[in-house]
Amino acid sequence: MYSHKKSEALRAEAENVILGGVNSPSRSYKAVGDRAPVVMDRGEGAYFYDVDGNRYIDYLGAYGPIITGHAHPRIHEAIAEQSSKGILYGAPTTLEIDFGKKIKEAIPSLERVRFVNSGTEAVMTTIRIARAYTGRNKILKFEGCYHGHSDLVLVAAGSGPAQLGTPDSAGVPKGVAEDVITVPFNNLDDFKTAISHFKDEIAAVLVEPIVGNFGIVEPEDGFLEAINEISHDNGSLVIYDEVITAFRFMFGGAQNLLDVEPDLTALGKIIGGGTPIGAYGGRKDIMESVAPLGPAYQAGTMAGNPLSMAAGLACLEILEQPGVYETLDNLGEKLEDGLVDLIDKYDITATINRLKGALTIYFTEESVTDYTMAEASDGEEFAKFFNGLINRGINIAPSKYEAWFLTTEHTEADIEETLAIVEDVFKNDF
Ligand code: PMP
């Protein structure tokens, strides 16, 4: 069993300076026994090393961006080379044009693109554009989908599809929440009810085309197509939040994989190769609502910063090599098969959702297709599982709602080692 003495000692020190000891709430271990979060020292490939000198096989992938493993030499070189030429110019670069072209080629619905610095900014701006373009105010989103921390998307469901939302966070005005309608994912009937109730008030329908924020949940057949058709008939735009999904499952977006096109798309995470990034784009006529061409304003001192452009370009160049996504899928399959065998062998109540190189284990009987089902999965069982793993050398997110992400650096041997550790956890801790 690992000792986490130094991490534990750092907790108080961190909490005295950084609010709550973490720079993002999901990094705290509150949901898994409120223990001290493991403080990482360095990453290399598929591995993390903490301040106590413990090694972990990492499936957190920094919540998604790290698809080529930690400290990938090509990304490191790209950043180092760019930093030797200047970090920030506040002026256009050829790098951002090259990077923009690469993204547009991979996701053709992005007829025009803008780079920003986070997924939050990207989504927030797509909503502003949709409102500017349609002259309407309300947005419809899906229960359990996370779209960053801007006011409008920190809103939870009302009690039915014809109800407006309530703020999910202190500090979000009630008036803002009243512009948000939330319906369950994969529930077309509730979606139709909401659209027919609010009709021409709805500027946009915002959706993670494949959910990553209550685990990996795929849309049921025809769900996204129906959303497109009904939204467009209603004069509402469709926004895909592909902050997690873009370049996760294939070289392109979930929209390429599923063959459905939104009007606007928000990107982030993987496209920055691990550096801060976001991007949004879509139909040219809609994008032309944005300054300097149109009346909707969006700007950023750091937007399109050369380090993120260089790192992102290097990351996409690695990912476009033949066989990358097949390998991720094969590793994902091996991991899933092994986990399913162990769940059976030790009679654990759990189910797995996997799509290619990403999966979620839910401690529940039924297969999970919406947020309510994910929510109903057993948090205490998950906490036991998480603690078993982190005490033996596997790092996953400390939340039952997150995914395991494979990287190009994981090997079959890593999967075998992972399964041996999981077996030890099931055998001794459950
Ligand atoms: N959208 C989705 C689907 C996300 O998963 C996230 C972050 N987890 C965001 C938006 C917000 O991105 P960021 O944390 O970069 O602001």
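Not measured: the values here are computed from a predicted model.

## Brief notes about the overall build of the protein chain
Regarding its fold elements, the protein chain presents 14 helices and 16 strands. Taking 430 residues into account, the globule formula puts the C-alpha radius of gyration at 22 Å, and the protein chain, at 21 Å, falls close to it. The principal-axis extent of the C-alpha atoms belonging to the protein chain is close to 60 × 55 × 45 Å. Looking at the protein chain as a whole, 48% of its 430 residues are labelled buried. For the protein chain, contacts bridging at least 24 residues in sequence account for 72% of all contacts bridging at least 6.

## Describing the site of the ligand
Close contacts around the ligand come from 16 residues, with Ser118, Gly119, Thr120, Gly148 and Val243 the closest. With 3 residues, helix H4 (residues 119-134) is the single largest residue contributor to the shell around the ligand. Class assignment of the residues belonging to the shell around the ligand gives a composition of 5 nonpolar, 9 polar and 2 charged.

## A closer look at the UniProt feature "modified residue: N6-(pyridoxal phosphate)lysine" (unreviewed entry) in the protein chain
Those residues carrying the UniProt feature "modified residue: N6-(pyridoxal phosphate)lysine" (unreviewed entry) are Lys269 in this numbering. Along the chain, the position of lysine 269 falls in the loop between strand E11 (264-268) and strand E12 (278-282). Owing to 27 C-beta atoms within 10 Å, lysine 269 belongs among the buried residues under this scheme. Those residues in contact with lysine 269 that lie beyond four places of it in its chain are Gly64, Pro65, Gly119, Val243 and Ile244.

## A few points about the domain arrangement of the protein chain
The domain boundaries assigned to the protein chain delineate domain 1 (5-71 + 323-429) and domain 2 (73-319). Taking only C-alpha atoms into account, the centre of domain 1 sits 26 Å from that of domain 2. Opposite the 26 residues of domain 1 that make contact, domain 2 presents 30 residues. Of all elements in the fold, only helix H11 (324-345), strand E13 (351-355), strand E14 (358-362) and helix H12 (371-376) reach the threshold of two or more residues within the side of domain 1 that touches domain 2. With 4 residues, the top contributor of residues to the side of domain 1 that touches domain 2 is E14.

## As for helix H2 (residues 73-84)
Taking 1.5 Å of rise per residue, 12 residues should cover 16 Å, and H2 covers 16 Å from first to last C-alpha, within 8% of that figure. Every buried residue of H2 is accounted for by Ile75, Ala78, Ile79 and Gln82. Each buried residue of H2 sits inside an arc of 95° when the element is viewed along its axis, so together they form one side. Exposed positions of H2 whose direction lies more than 90 degrees from the buried face are Pro73, Glu77, Ala80, Glu81 and Ser84. Immediately downstream of H2, the backbone of glycine 86 shows phi near 115°, a positive value.

## Quick look at the environment of phenylalanine 214
With respect to the secondary-structure elements, phenylalanine 214 resides in the loop between strand E9 (202-207) and helix H7 (223-233). Here phenylalanine 214 falls in the buried class, since 29 other C-beta atoms lie within 10 Å of it. For the pair phenylalanine 214 and valine 368, spaced 154 residues apart in sequence, the C-alpha separation works out to 9.3 Å. Contacts of phenylalanine 214, omitting those with residues within four sequence positions, involve Gly144, Tyr371, Ala374 and Tyr401.

## Structural notes on the confidence of the model for the protein chain
A residue-level look at the protein chain finds 100% of positions with pLDDT of 70 or above and a mean pLDDT of 97. Taken together, the chains of this predicted complex give a pTM of 0.98 and an interface ipTM of 0.99.

## Description of the nonpolar core
In this structure, Ala130, Ala204, Leu237, Ile239, Ala279 and Ala310 are the most contacted members of the largest nonpolar core, which totals 124 residues. Looking at this core element by element, the count peaks at 9 residues for helix H10 (residues 306-319). Built from parts of two domains, this core gets at least three residues from each of domain 1 (5-71 + 323-429) and domain 2 (73-319). Contact partners of alanine 130, with chain neighbours within four places excluded, come to Ala203, Ala204, Leu237, Ile239 and Leu264.

## Considering the packing of helix H3 (residues 94-106) against H10
Packing of H3 against H10 leaves a shortest axis separation of 9 Å and a crossing angle of 40°. Classified by the angle between their axes, H3 and H10 sit oblique to one another. Between H3 and H10 lies a crossing whose hand is left-handed. Of H10, the residues touching H3 (which contributes Leu95, Glu96, Asp98, Phe99 and Lys102) are Pro306, Met309, Ala310, Gly312, Leu313 and Leu316.

## Structural notes on the environment of isoleucine 277
Counting through the fold element by element, isoleucine 277 comes out in the loop between E11 and E12. Note: C-alpha distance between isoleucine 277 and glycine 144 (133 residues apart in sequence) is 23 Å. Excluding residues within four positions of it along the chain, isoleucine 277 makes contact with Phe115, Asn117, Gly268, Ile271, Gly272, Ser308 and Gly312.

## Re the sheet that holds strand E4 (residues 112-116)
Strand order in this open sheet of 7 strands is E4-E12-E11-E10-E9-E5-E8, and the pairing throughout is mixed. Both outer strands of the open sheet, E4 and strand E8 (180-183), are each paired with one neighbouring strand and no more. Across the sheet, the axes of successive neighbouring strands diverge by a mean angle of 20°, strand direction being ignored. Note that E9 and strand E10 (residues 237-241) share 4 bridges and pair parallel.

## Quick look at the sheet that holds strand E3 (residues 55-58)
The sheet built from 4 strands is open, its strands ordered E1-E2-E3-E15 with mixed pairing. Edge positions in the open sheet fall to strand E1 (40-44) and strand E15 (394-395), since each of these has one partner strand only. Here strand E2 (residues 47-50) pairs with E3 via 3 bridges, running antiparallel. Residue pairing for E3: phenylalanine 48 is matched across the bridge by tyrosine 56.

About the criteria used
Residues numbered from 1 in each chain as written. Predicted model: local features only at pLDDT ≥ 70, side-chain atom pairs only at ≥ 80, totals over all residues. Helix = DSSP H or I, 4+ residues; strand = E, 2+ residues; numbered from the N terminus. Rg over C-alpha atoms; globule rule 2.2 N^0.38 Å. Buried ≥ 20, exposed ≤ 12 C-beta atoms within 10 Å, placed from the backbone. Contact = placed C-beta atoms within 7 Å. Near = placed C-beta within 6 Å. Nonpolar A, V, L, I, M, F, W, Y, C, P; charged D, E, K, R; others polar. UniProt positions renumbered as here; feature names shortened; annotations may be inferred. Domains from an automatic or database assignment. Expected span 1.5 Å × (residues − 1). Arc of directions from axis to C-beta. pLDDT = per-residue confidence, 0-100. Core = buried A, V, L, I, M, F, W, Y, C linked by C-beta atoms within 7 Å. Axes fitted to C-alpha atoms, helices over the stretch in contact; angles between N-to-C directions. Parallel < 35°, antiparallel > 145°, perpendicular 65-115°, else oblique. Left-handed = near helix turned anticlockwise from the far one by under 90°. Pairing = 2+ DSSP bridges.

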